[in-house]
Amino acid sequence: MTDEAIRAAQGSESAAKYRGLLEAAPDAMIVVGETGDIVLLNLQAEKQFGYRRDELVGQPIANIIPEGFAERLIADGTRSAAEALAQQIGTGIELSGRRKDGSEFPIEIMLSPLTNADGVLVTAAIRDITVRKAAEAHLTQTVDELRRSNEELTQFAYFASHDLQEPLRMVSSFMQLLSNRYGDQLDAEAQEFITFAVDGANRMQQLIHDLLSFSRVGTEGHELIATSAERALDRALMDLRGAIEESRAVVTRDALPMVLADPIQLSQLFQNLISNGIKYHGTSIPRVHVSATSAGPEIWSFSIRDNGIGIAPQYFERIFGMFQRLHGRGDFAGTGIGLAICKKIVERHGGTISVAPNQGDGMTFRFTLTGSGGLR
Amino acid sequence: MTSRLATDVNVLLVEDSPGDVRLTQEALRGANISIRLQVVSDGIEAMSFLRRESPYTGAPRPDLILLDLNLPKMDGREVLALVKADEAFRTIPIVVLTTSDAEEDILASYQLQANAYLSKPVQLSAFESLVRSINDFWLTTAKLPRQGQSRG
């Protein structure tokens, strides 16, 4: 066999191998020549575009990819075909494909060059991205809806802060004025009626206030920065001074780390949890202990442990829901939203919160936060 | 021209809720009987009052303004901005007395140069105490500029 014949035989062998690979490829593969005509295509390409291959070979690529393909390849005054091609390699390009029936669909193509004796050919892997585009559109739509909903929530919170509270103040204040001014002209029952009315108004006011706090976790949250948990706890204890003194509570702590947090919200979190620990005390002096342990690389698990009356296991999940009140109104005051606020804050920080009973008295609340560089 | 007692203090209350007007009146009366309280119910009236335009041609110049933020026609923030921008009136202390405790309202008010921002408490006793402290601070302790006795 002559050298030429061998080369020809080898050439056709590798050509056959190449054709085999192309045919077996999961994506539509189309080989296009320098002039923009289709040289070769595989079964997937036939299926994707709805043509038989003999209908496409020799046809301009622009027949099935109307815009964006041919232009990218063609040697023009400023660059050669090889240069033009080199600029496109490796990047997925989003274009539009046209089927035999005229319908268009979104595609992503990846180009790779092929050089043979006839010049530069381009192999294009073509992927139908209809599903992906639909998912992207859905995502964009969902984000827009969320933005709108958030805006509405912000407006509602603002509305609640004024327009709901004003009539409430009128009811409450004038009831009290009535009692103050005409108290001696009213009998005990009338006084009692007034007390119920005032009490109702006050509770409503507290509810509105708590609802506002809840909504503000999202709308007035600041960005997460390196925060000293020690200082956040100090601030919380300062705000709780009154409650602590009144109940003679003892609050202790271990060293606390630096964490990634909104400092104001972290204080709020400590305040709510410690207040909870103090409020639901039995007969003994309330004791609350705050500590933190490492729960993984740059993850801290904080514990707020109390010696209070605890809660039954069936309430462990519910306790973080909004308006979940597990005690009669007479026993413990409260709107039942404090822990829902805690949960919202923790989740905003990317953490999780849970509660579990202690071996002895009381419960321990645990929440996780991302660390920001060691103990401090 | 009515004579003005040396101890008389003029307070302008800009408030549209009649209930709140009444409560404030009661509380001020309880705090300091020398207070002469004038009331207007929206921002436009407030500006007319200050400028002594009809029907306020005989109006006394307030020593202190208590301003609600949410008013019809011209809201409290606008009044704040106008008064503090006007050389003739900017020396009158303005205390914002409003229901909101929203951050943006507090910030906006101080940016517009309010002298103080107070949110109205729900409890009557707390409200009375607040009004008393306004009187104690602004009308008793703090020195206010002499506004001049004559009314042209």
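As shown above, the structure is provided for reference.
Residues numbered from 1 in each chain as written. Chains lettered and ligands numbered in written order. Predicted model: local features only at pLDDT ≥ 70, side-chain atom pairs only at ≥ 80, totals over all residues. Heavy atoms only, no water.

Caption draft 1: The overall build of chain B, seen in detail. Of regular secondary structure, chain B possesses five helices and five strands. When its helices and strands are written in sequence order, chain B yields β-α-β-α-β-α-β-α-β-α. In chain B, buried positions account for 48% of the 152 residues. Contacts in chain B between residues at least 24 apart in sequence constitute 65% of all its contacts with a sequence separation of at least 6. By element, 51% of the accessible surface of chain B is carried by carbon and sulfur atoms, the whole surface being about 7500 Å². (Helix = DSSP H or I, 4+ residues; strand = E, 2+ residues; numbered from the N terminus. Buried < 20%, exposed > 50% of the residue type's maximum accessible area, 1.4 Å probe, protein only. Contact = heavy atoms within 4.5 Å. Areas by Shrake-Rupley, 256 points an atom, 1.4 Å probe, with all protein chains shown as cover.)

Caption draft 2: Region of the structure containing the sheet that holds strand β3 (residues 64-67) of chain B. Residue and element names in this part refer to chain B. Ordered in space as β2-β1-β3-β4-β5, the five strands form an open sheet in which the pairing is parallel. At either margin of the open sheet sits one strand with a lone partner, and together these are β2 (35-40) and β5 (116-119). Put simply, the sheet's adjacent strands are angled 20° from each other on average, direction ignored. One ladder, built from three bridges, connects β3 with strand β4 (residues 94-98); its direction is parallel. Following the sheet pairing, I65 is matched in β4 by I94. Against the sheet, helix α3 (residues 76-85) makes contact with β3 and β4, and its axis sits at roughly 180° relative to β4, the strand it touches most. (Pairing = 2+ DSSP bridges. Axes fitted to C-alpha atoms, helices over the stretch in contact; angles between N-to-C directions.)

Caption draft 3: The packing of helix α7 (residues 188-219) of chain A against helix α11 (residues 338-348) of chain A, seen in detail. All names here are of chain A. Where α7 contacts α11, the two axes come as close as 9 Å, and the packing angle between them is 5°. One element, α7, and the other, α11, form an angle in the roughly parallel class. Residues D210, S213, F214, S215, V217 and G218 of α7 form the contact with α11, whose participating residues are A340, I341, K344, I345 and R348. For the contact of α7 with α11, a count of residues per class yields five nonpolar, three polar and three charged. (Parallel < 35°, antiparallel > 145°, perpendicular 65-115°, else oblique. Nonpolar A, V, L, I, M, F, W, Y, C, P; charged D, E, K, R; others polar.)

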